[in-house]
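Listed below, chain by chain, are the residues.
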Amino acid sequence: MTRLIVISNRVTPPVGKGEESVGGLAMALAAALREYSGLWFGWSGRTTPQFSGQLAMRRVEGVTIATVDLEPGDVEEYYNGYANKTLWPLFHYRVDLTAYDRAFDAGYQRVNRRFAETIGPLIEPDDLIWVHDYHMIPLARELRRLGVKNRIGFFLHIPWPAHQLLVTLPTHKALVESLFDYDLLGFQTPEYATAFEEYVLAEAGGGRTEDGRLTAFGRTVEYGAFPIGIDAADFADMLGAERAGRTYDRMVAHTVFRKLIVGVDRLDYSKGLEERFAGFERFLADNPDLRREVLMVQVAPVSREAVETYQEIRGRLDALSGRINGAHADLAWNPLRCVNRNYRRDELAGLYRAAKVGLVTPLRDGMNLVAKEYVAAQDPADPGVLVLSRFAGAAGQMPEALIVNPNSPEEISEALKRALTMPLEERLARWRALFKRVRSEDVSAWRDAFVDALAGRPAEVVAAKTPPALAS
Ligand code: ADQ
């Protein structure tokens, strides 16, 4: 059997039910690799004064984990710099937050070269190589320079930006050109795959081959949408865990005579937390009859403390929740609780299950796995309602959620009211349709579709498929 080599910036060994894990990519890859005796390579998360390229190897649940330390300057320019101050904001449509700095770009290229030189010697001729996310766009080019001829695929976990946004990056062409050293490019949604195609046709003088591939820069690449899913079976199992039950019981006891609204996100400006709080504030103001009946809990651990923007958001959120609670609380009740810490996965499952509404309103999101986890955790006899941003990639697969524009406090407020007063029959119909897809389009289906396509086996590449119409 061919070996699968997965390469991503951070490597998180397959997590058990009880462990904490933040970040959708880590969750998805851990689940995807659990059934593969593959190799997973990336940055250790640690620094060393001088880069040595020395690999630390260990085996975890049948997966070989190989990591390398980086220099502090690498972390600053490549990770904090180009990845998180340039590509992350730009690809999430935040041109206003995007930093263009040539030192960041140089560090990004250097670290990708270092990664390639470190992993290159371990690659065997039959290996399939699967590279993940925006930290690693130039990796295939560096591997090709070293003579690697293997099939190499790339999956982008975040959105691909619209053409006019991407061209604001001074080095946009070089970035896109380096993608043509892959054999297969995967995007989260047909919309992002189309945005990539539009750029290539309009900006790189590219064309489409008869079999639906793209040519540009003298090369050809296969591309398509591979919407990521969760490990739904594992998530459902987790509800049986003692901790899940305890968290559920605690939340239910805490919300007697009240309905729980829950949000779970890494603290990031793309997740629309300020806008979400504003929507909740509007709901409280507009619905005096309902407002004493709700409690909103927002779980939002700080994920990238080294980047100043993240500290600023935290300050603004604290001020906003203070204002909301100040205006609406009474002696025994605060309407909004914001918790900045990680939870174990089984605790999250219990929390989702206790919530009558899952409020998932990112301003822009590649997919959003929390929306899927919320659905997977519901009681089949009495499910809660998912309120979902139209700008989450997940919206294309989840039209039975209440779809909102996260920039509109009015739409969030209306959707909350509708969710909290929705009759059981309608809740059941919506949830059943959502759950069916969350279960069938799960993380294994995602992995198999991508790996089959990369291996050249007949696979479902859905570049041209349009998403189902959004239900209101
Ligand atoms: P993220 O931006 O990290 O992922 P998301 O898809 O929502 O976003 O995944 C977050 C994951 O972290 C979920 O599994 C969630 O349960 C977990 N998590 C969040 N807060 C937590 C907490 N407090 N404690 C413990 N766990 C927590 C990126 C892209 C997404 C894309 C994924 C996968 O930005 O758009 O869906 O990769 O491709």
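Above this text sits the structure in question.
Numbering of residues begins from 1 in every chain and follows the order in which that chain's sequence is written. In keeping with the model being predicted, local features are shown solely for residues with a pLDDT of at least 70 and side-chain atom pairs are shown and tallied solely at 80 or more, while totals for entire chains, interfaces and linings include all residues. Only hydrogens and water are removed before side-chain values are computed, so all heavy atoms of the structure are retained for them.

## Side note on the sheet that holds strand S13 (residues 336-339)
Next up, step 1: When DSSP finds at least two bridges between two strands, those strands are taken to pair. The way it works is that DSSP assigns letters per residue, a run of H or I at least four long becomes a helix, a run of E at least two long becomes a strand, and they are numbered from the N terminus. Read from one edge to the other, the open sheet built from six strands follows the order S13-S12-S11-S14-S15-S16, with strand pairing classed as parallel. In this open sheet, the two strands that pair with only one neighbour each are S13 and strand S16 (402-404). Strand-to-strand, the axes of this sheet are offset by a mean angle of 20°, without reference to chain direction.
Next up, step 2: Across four bridges, the pairing between strand S12 (residues 294-299) and S13 is parallel. Paired with Val299 across the bridge in S13 is Val339.
Next up, step 3: Residues count as neighbours in contact if any of their non-hydrogen atoms are within 4.5 Å of one another. Think of each axis as a best-fit line through the C-alpha atoms, taken over the contacting stretch in the case of a helix, with angles from 0 to 180 degrees between the N-to-C directions. Sheet strands in contact with helix H15 (residues 409-420) are strand S11 (259-264), S12, strand S14 (357-360), strand S15 (385-389) and S16, and its direction is about 170° off that of S16.

## Examining the sheet that holds strand S9 (residues 214-216)
Next up, step 1: If you trace the 10 strands from one edge of the open sheet to the other, you get S3-S4-S2-S1-S5-S6-S7-S10-S9-S8, paired in mixed fashion. The open sheet has two free edges, formed respectively by strand S3 (56-60) and strand S8 (207-208), since each of these has just one partner strand.
Next up, step 2: As defined by bridge partners, strand S5 (residues 128-132) adjoins strand S6 (residues 152-155) across four bridges and the pair is classed as parallel. By the bridge assignment, Val131 is partnered in S6 with Phe154.
Next up, step 3: Sheet strands in contact with helix H3 (residues 102-119) are strand S1 (4-10), strand S2 (39-47) and strand S4 (63-70), and its direction is about 130° off that of S2.

## With respect to the packing of helix H2 (residues 72-91) against H3
Next up, step 1: Their axes nearest at 8 Å, the elements H2 and H3 cross at an angle of 115°. One element, H2, and the other, H3, form an angle in the roughly perpendicular class. For the pair H2 and H3, the sense of crossing is left-handed. Note on element contacts: H3 touches H2 through Ala103, Phe104, Asp105, Gly107, Tyr108, Arg110, Val111, Asn112, Arg114 and Phe115, opposite Gly73, Asp74, Glu76, Glu77, Tyr78, Gly81, Tyr82, Lys85, Thr86 and Leu87.
Next up, step 2: Residues were grouped as follows: Ala, Val, Leu, Ile, Met, Phe, Trp, Tyr, Cys and Pro as nonpolar; Asp, Glu, Lys and Arg as charged; and all remaining residues, including Gly, as polar. In the contact of H2 with H3, the residues fall into eight nonpolar, five polar and seven charged. We call two directions roughly parallel when the angle between them is under 35 degrees, roughly antiparallel when it is over 145, roughly perpendicular when it lies between 65 and 115, and oblique otherwise. Working rule for handedness: look at the near helix, and if it is turned counterclockwise from the far one by less than a right angle, call the crossing left-handed; if clockwise, right-handed.

## Digging into H3
Next up, step 1: Expected helix span is computed as 1.5 Å times (number of residues minus one). Relative to the 26 Å expected for 18 residues at 1.5 Å per residue, H3 spans 26 Å between its end C-alpha atoms, a close match to the ideal helical length.
Next up, step 2: The classification of residues rests on relative accessible area computed with a 1.4 Å probe and restricted to protein chains. Under 20% of the type maximum is buried, over 50% is exposed, and intermediate values are partly exposed. Turning to H3, its buried residues are Phe104, Asp105, Gly107, Tyr108, Val111, Asn112, Arg114, Phe115, Ala116, Thr118 and Ile119.
Next up, step 3: Buried residues along H3 sit against S1, S2, S4, H2, helix H4 (139-145) and helix H6 (172-179).
Next up, step 4: Under this definition, polar contacts are N or O atom pairs within 3.5 Å; protein pairs additionally need one hydrogen-donor-capable and one acceptor-capable atom, and for neighbouring residues in sequence, both atoms have to be side-chain atoms. Near the N-terminus of H3, the side chain that reaches the backbone nitrogen of Ala103, with its oxygen 2.8 Å away, is that of Asp101.

## Points about the packing of helix H10 (residues 273-286) against helix H12 (residues 308-328)
Next up, step 1: In the contact formed by H10 and H12, the axes pass within 10 Å of each other and the chain directions differ by 5°. Regarding the angle of H10 to H12, the classification is roughly parallel. The residues of H12 that touch H10, namely those facing Leu273, Glu274, Phe277, Glu281, Leu284 and Ala285, are Ile313, Arg316, Leu317, Leu320, Ser321, Arg323, Ile324 and His328.
Next up, step 2: Of the residues contributing to the contact of H10 with H12, the split by class is eight nonpolar, two polar and four charged.

## Overview of the environment of Glu441
Next up, step 1: Structurally, the position occupied by Glu441 is in the loop between helix H16 (424-440) and helix H17 (443-455).
Next up, step 2: A residue is classified by how much of its surface remains accessible, and Glu441, at 30% relative accessible area, is partly exposed.
Next up, step 3: Residues Glu441 and Pro227, spaced 214 residues apart in sequence, show a C-alpha to C-alpha distance of 8.1 Å.
Next up, step 4: Each residue touching Glu441, except ones within four places of it in the same chain, is listed here: Gly229 and Gln397.

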